[in-house]
Amino acid sequence: MFYIADEEKIKANYTTDVYFVRTVQVLKAKGISKKVKMEVFLKRTPNNYPWGIFAGLEDVLHLFEGDNVDIYALPEGTLFYPGEPVMTIVGNYEDFAMRETAMLGFICQATGIATKAARIKKLAGDKLVVHFGARRMHPAITPMIERAAYIGGMDGVATLAGAEAIGKNPVGTMPHALMLIVGDTVKAAMFFDEVISEDVPRIVLIDTFMDEKFESIRVAQELGEKLSGIRLDTPSSRRGDFRKIVEEVRWELDIRGFKHVKILVSGGIDEGSVAELRDVVDSFGVGTSVSAAKTFDFSFDIVEVEDKVLAKRGKMSGAKNLWLCDKCGWRKVALMSEERVICSSCGIPMKSLTEKFMEKGKIVSPLPAADKIREYVLSQVKKVEL
Ligand SMILES: [Zn+2]
């Protein structure tokens, strides 16, 4: 019915580039079977971001489940820099060559989204950021997008499928359609309050018909304590000085005793608008900037053949682990064969960030819940600059 490849087609390598199919044909016809170690690696981040947040590993493990391969990787949510190996796959090349296209697709896009979400959350600080961007992308990948946005640091997601993927309730306000069909903002807010379960915060959209200030006051006077917030979704063409509008609404609500009413803004929110508005609003609805985040163009290269180091021109040979000094934060890439690496400035053993996740097609390391990954991301992002 739709132009999509479902899980079965992806597992059956139907989304592979055909040159992998032909490579496997050649190798099989010639009876060539060699064990290789292949590394997933990034030369350059999009937009020259200094770091990325590695995401998509769980899907990759499910892709390779049942294949005769071992997988070593950074745990999902690990902050990494260009040049650091994020994943190494070990097996006979012809056994997994046709997985490459799908594998890269899983991590290139999820990492782009998680990284953008982490950057926006870092800028927003303790202000809430909610992901509203599902509508900009293909619906078949909504759960992946919203999970990556959440583990990157978004505080909530808007769709039913996305919320299910992270084990949360979806977050939402009111669309302009409700206001227009009911015909009046206050009336629509009252109907919503009558009908919708009490545990859903009453966040009323106030820019449909009239001036944001007067609509906010009317809604606050009608719902009183029950009103938890108002949303401004003014299109950029009508915004003028948006910050001034928000400040004015805040002032008018405060002097009338509605200090409890939060202000949420949405519509074209990106890093710049978050930095500009974070001190005058309480939360942001973030859409396209996160859901359509630029992908990270990881490559997948052979680094060892039959346990001998070998790589193409411009690529460092040998399977590698990434090590971190817990004390000073120093990072070092070393050959996987090295079992102990000492921090050269602290003189203490470093910790390997690379872990074994798969052995002969079986997942051997527990996969953490989205909440745990998100906490891990936030703890690392706190310590770095944008
Ligand atoms: Zn150190």
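Residues numbered from 1 in each chain as written. Predicted model: local features only at pLDDT ≥ 70, side-chain atom pairs only at ≥ 80, totals over all residues.

Student: Before we move on, could you go through the environment of phenylalanine 96 and cite the residues and values that matter?
Tutor: Within the fold, phenylalanine 96 resides in helix H4 (residues 93-96). A count of 24 C-beta atoms within 10 Å places phenylalanine 96 in the buried class. For the pair formed by phenylalanine 96 and valine 69, sequence separation is 27 residues and the distance between their alpha carbons is 7.8 Å. (Helix = DSSP H or I, 4+ residues; strand = E, 2+ residues; numbered from the N terminus. Buried ≥ 20, exposed ≤ 12 C-beta atoms within 10 Å, placed from the backbone.)

Student: Account for the domain arrangement of the chain, naming residues and giving values.
Tutor: What the domain assignment reports for the chain is domain 1 (7-113 + 294-381) and domain 2 (122-291). Relative to domain 2, the C-alpha centre of domain 1 lies at a distance of 38 Å. Elements with a contribution of two residues or more to the side of domain 1 that touches domain 2: helix H5 (100-124) and helix H15 (370-381). Per-element tally for the side of domain 1 that touches domain 2: the top contributor is H15, with 6 residues. Class assignment of the residues belonging to the side of domain 1 that touches domain 2 gives a composition of 10 nonpolar, 1 polar and 2 charged. (Domains from an automatic or database assignment. Nonpolar A, V, L, I, M, F, W, Y, C, P; charged D, E, K, R; others polar.)

Student: I'd like a rundown of the sheet that holds strand E9 (residues 227-232), residues and numbers included.
Tutor: The 6 strands are arranged E7-E6-E11-E10-E9-E8 in an open sheet whose pairing can be described as parallel. Unpaired on one side and paired on the other, strand E7 (156-157) and strand E8 (202-205) mark the two borders of the sheet. Inspection of the sheet shows E9 paired to strand E10 (residues 262-266) by 4 bridges, in the parallel sense. By the bridge assignment, isoleucine 230 is partnered in E10 with isoleucine 263. (Pairing = 2+ DSSP bridges.)

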